[in-house]
Amino acid sequence: MTMHENPVADLVLGISILLLLASATLVLARRLHAPFTILLVLVGMALAQLAPLLPPGVGRVLDLHIGTELILYVFLPSLIFESATHLDWRELRDNLLPVLTLAVPGLLVSTGVIGALVALFGDALLAAALVLGAILSATDPVAVIALFRQLGAPRRLTDLVEGESLLNDAAAIVVTKILLGMALAGHIGGTGAWGAVGDFLVTFCGGLVAGASMAFVAGSVIGLARGNQAIVISILTTLAYLSFIVAEEVFHVSGVMATLAAGLVIGSWGRGKIEPGIADYIEHFWSYVAFMANALIFLLMGLSIDFAALAAQADVLGLTILAMLFSRALAIYGLMPLIGRLRPSLSVSGAYQTVMYWGGLRGAVSLALVLSLRDFAWAETFVAVVMGVVLFTLIVQGLTVEPLMRRLGLDRPGVADRLARDEVLSEAARVAAERIPGLRGGGLFSAALAERLEAAQRARVARLRADMARTRREEVDDDEAVRMLWMRAVATERTAYRELYGRYHIDERTYRALDHAAAVRLDELRHFARTPTAIAEDLDATARRLLAWLARMPGRFGRLAHTRAVARDYARAWAALQACDRVDEALARMAGSGAFEARQMAPVREAYRKRRDAARGRLDDWAEQFPEFVKAMQTRLAERLILQVEQSEVQRLSRSGLVPANLSDELGETFDRERRRLGALSISELAVAPEELLRKVPFFVDLAPDEIAEIVPHLRLLTVAAGDDIVRAGERGTSMFFIGRGVVRVLADTGTGDAAGELATLMAGDFFGEMALLDDTPRSATCRAATACALYELDRRGVEAAVAVCPTLGERLEQAARERRAGAPAEAAGHA
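Bear in mind the structure is a predicted one, so any value in this text is a computation, not a measurement.

Structural notes on helix 10 (residues 155-185)
- Its 31 residues place the ends of helix 10 45 Å apart at the C-alpha level, agreeing with the 45 Å of an ideal helix rising 1.5 Å per residue.
- Most of helix 10 is tucked away: 24 of the 31 residues are buried.

Structure follows, in structure tokens:
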């Protein structure tokens, strides 16, 4: 049977064969414990040699070649975006100086050294040799990063290598284009050099701005599409490619930097826009995309290697490899110690430097750049040389990185990771041992076998706990143990916030505020060893001033904005309470596992206990002051919890086959819509009804319902935090206040602008401020909230309008004013 030529069918069939080969190679890599990407190159090389022996149709299908456009516009955006979304931007920020130093000055050093040595000892002109130097300065440590994750390498080492690679790729592309333009023009340096520096900065930074801007737009759209994984995946895929293409083709800035910035924004700020369930799906999707891109790149790389061309350029290739290794050594061992002297906290250890030096492999970006050389005299030579260098770094350096790491001791997990591993294994073994008697009771095991298995599990638990005790005794002092406990507690806290947000129990802004505060604590623990003595979760002074300012804004907008702020404060306290309970459970499990001693856990438990009490106290305050509001919040929470139980039960029945798939999907969408509705902050439902509060004020108690209804539009709800001044002595009085809930202290004016000396205490049902309002005189006293208060403010225009529709109100005010003018001065001052 013969195969007819069909380019589209050949392409699809060729890619399918390559993916099957990649899958088989992955299985082989796992069995041999060998780097996957390096095996792919070897498989590609073998396939290229076997192609002449294959049937003509199959050989034609596999006649695929790697090209610049394929790498830059198909593979590179997805790989950069996937890596950037997994980078911890806080870790990158903390290591930004060494990363940028290697990505820009280090790249320039490498470019200059390679170019100078190749021009000095080879036949190439300096201008052309510098282009080769820039091309070979782009690192691509895919194989090394995979090895780091496999060995459990230190997180900082991974961040340094991966961060350098991402920024380095962008810098290499920009520098190569600039140097290529100079080489084609026939000159290097002069006034054009300063223009090149400006072009580099504009291209580099412009890509960051373009990518971040598009990511913020995409993240906002994702926030509107929560719950629809197809839409979220489509937006993220579009963002990965659109950021690259728009930056390169429209704004003429760095596409790599644009995609990197987009990935960092989505991986940090944008992560809060994505539901946890969808986030897991996206994680699997991008992992497969990265697998597919790497598989095709490295297989095509192996298929494209021309051994005859490599042999023809053997002398230039050997010189270039030596120049590359020497330049890398200068960049790493020359620049990194300088950073350590300038900023000791950012110093990079000698072991890290050695792995960064030897792990600086070359790959897809270098190939893309050299294949893009057109109308360049040295293009053919440079293609062969770059292919040979890439092959050398992958096979020689890539296969020896693991032994190097083992020799340097970087393959052994840190003490915190080892304790966490043993703790998890101990807890799992304990639970398994407790379940064995139940299995014996069900007739699954004989009594003798069950006893033997249970004894083995108990012995394993004892052994693991003994190992933890020995590790803790030999390698961990009390201060380090407390710091590790704090890090575990804060990590548990952040997980709790993420779950609450994913279940629509808290809104996005509340989640971000809590998660950010926890992340800052984690950063201080991780990088500065600052162990907190307490956790303040109450509103700070700025937030309290904002609440007071919102409360005084006129009209319905101010009332709604203030109520929304109060609702978020309530949600924040409630979420903190839930997180504290979760942390307490986690600490109790750790105490049971024997991982830490009780005296080491005491300060952490005490700090979270105080925080839990503070959060509970704040919730109690809100419940006392605004029972209607709290009832609405609690009703919504109960409805969300019930909905969650119902959805879980429907999913269970669907998995058992009792519910048809179409009905299950329909019910799932219904549940999601209802959860989003209950998760939205509906102010109309949460706002306290002013009619209900006014009926509790004796001044209004005898008014008819229709008269109260006429007054309500002129009242403004005002909630004041404890300790805040409502009115101050000496201020011009323009409004009066009715106390719905809370306690207000009336303080005398000292004449210096400060309030001192209590004149009166006002409580729910009292009113104040009418004297200054009716007499048009300054306030005679300061009124300060002793507790958080719910007030209704009625200004001069409101009084006039209310009196016009309700004459009895005017009569009551005048009567009250006459009585207070005739009363004691202190009493009159008590009404300001």
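Let's pick the thread back up.
As for empty space enclosed by the protein
- Tallying each qualifying case throughout the model produces five cavities of 30 Å³ or more.
- There is about 160 Å³ of room inside the second largest cavity.
- Lining the second largest cavity, in full, are Phe81, Thr85, His86, Leu236, Ile266, Gly267, Arg271, Ile274, Ala279, Ile282, Glu283 and Trp286.
- Elements supplying a minimum of two residues to the lining of the second largest cavity: helix 4 (68-86), helix 13 (255-267) and helix 14 (276-304).
- Take the lining of the second largest cavity: its biggest share by element is four residues, from helix 14.
- When its residues are assigned to classes, the lining of the second largest cavity shows seven nonpolar, three polar and two charged.

With respect to the packing of aromatic side chains
- As enumerated under the stated definition, the model contains 15 aromatic pairs in all.
- A centroid spacing of 6.0 Å and a plane angle of 25 degrees characterise the contact between Trp378 and Phe382, whose relative ring orientation is stacked.
- For Phe382, a relative accessible area of 2% translates into the label buried.
- With centroids separated by 5.6 Å and ring planes inclined at 40 degrees, the aromatic side chains of Trp486 and Tyr608 adopt a geometry described as tilted. With Trp486 in helix 22 (residues 478-502) and Tyr608 in helix 26 (residues 598-625), the pair connects residues that are 122 residues apart, well separated along the chain. Tyr608 shares its class with Trp486; the two are buried.
- Here a set of aromatic residues connected by ring pairs shows up, and it is made of Phe36, Tyr288 and Phe291.

Notes on the sheet that holds strand 8 (residues 789-795)
- Pairing in this open sheet of four strands is antiparallel, and the strands run 1-8-3-6 from one edge to the other. Single-partner strands in this sheet number two, and they are strand 1 (716-720) and strand 6 (767-768).
- Direction of pairing for strand 3 (residues 735-741) relative to strand 6: antiparallel, over a ladder of two bridges. Across the sheet, residue Phe738 finds its bridge partner in strand 6, namely Phe767.
- Set on the sheet, helix 33 (residues 796-805) makes contact with strand 3 and strand 8; between it and strand 8 the angle comes to about 75 degrees.

A short note on the pattern of salt bridges
- Under the definition given, this model contains 17 salt bridges.
- Of the charged contacts, one joins Asp584 and Arg605 as a salt bridge, the two residues approaching to 3.4 Å between their closest N and O atoms. Of this pair, Asp584 sits in helix 25 (residues 555-593) while Arg605 sits in helix 26, and the two are 21 residues apart along the sequence.
- By relative accessible area, which is 30% here, Asp584 ends up partly exposed.
- One salt bridge in this structure joins Glu606 and Arg609, with 2.5 Å as the shortest N-O distance. Of this pair, Glu606 and Arg609 both sit in helix 26, separated by three residues, roughly a single helical turn.
- On the accessibility criterion, Glu606 (31% relative accessible area) is partly exposed.
- Judged by its relative accessible area of 32%, Arg609 falls in the partly exposed class.

The rules behind each value
Residues numbered from 1 in each chain as written. Predicted model: local features only at pLDDT ≥ 70, side-chain atom pairs only at ≥ 80, totals over all residues. Heavy atoms only, no water. Helix = DSSP H or I, 4+ residues; strand = E, 2+ residues; numbered from the N terminus. Expected span 1.5 Å × (residues − 1). Buried < 20%, exposed > 50% of the residue type's maximum accessible area, 1.4 Å probe, protein only. 1 Å grid on protein atoms, 1.4 Å probe; cavity = no way out; pocket = protein on both sides within 12 Å on 5 of 7 lines; lining within 4 Å. Points joined across faces, edges and corners; volume = space filled by probe spheres on them. Nonpolar A, V, L, I, M, F, W, Y, C, P; charged D, E, K, R; others polar. Phe/Tyr/Trp six-rings, centres within 6.5 Å; stacked < 30°, edge-to-face > 60°. Pairing = 2+ DSSP bridges. Contact = heavy atoms within 4.5 Å. Axes fitted to C-alpha atoms, helices over the stretch in contact; angles between N-to-C directions. Salt bridge = Lys/Arg side-chain N within 4 Å of Asp/Glu carboxyl O.

The values are spatial; any link to function lies outside them.
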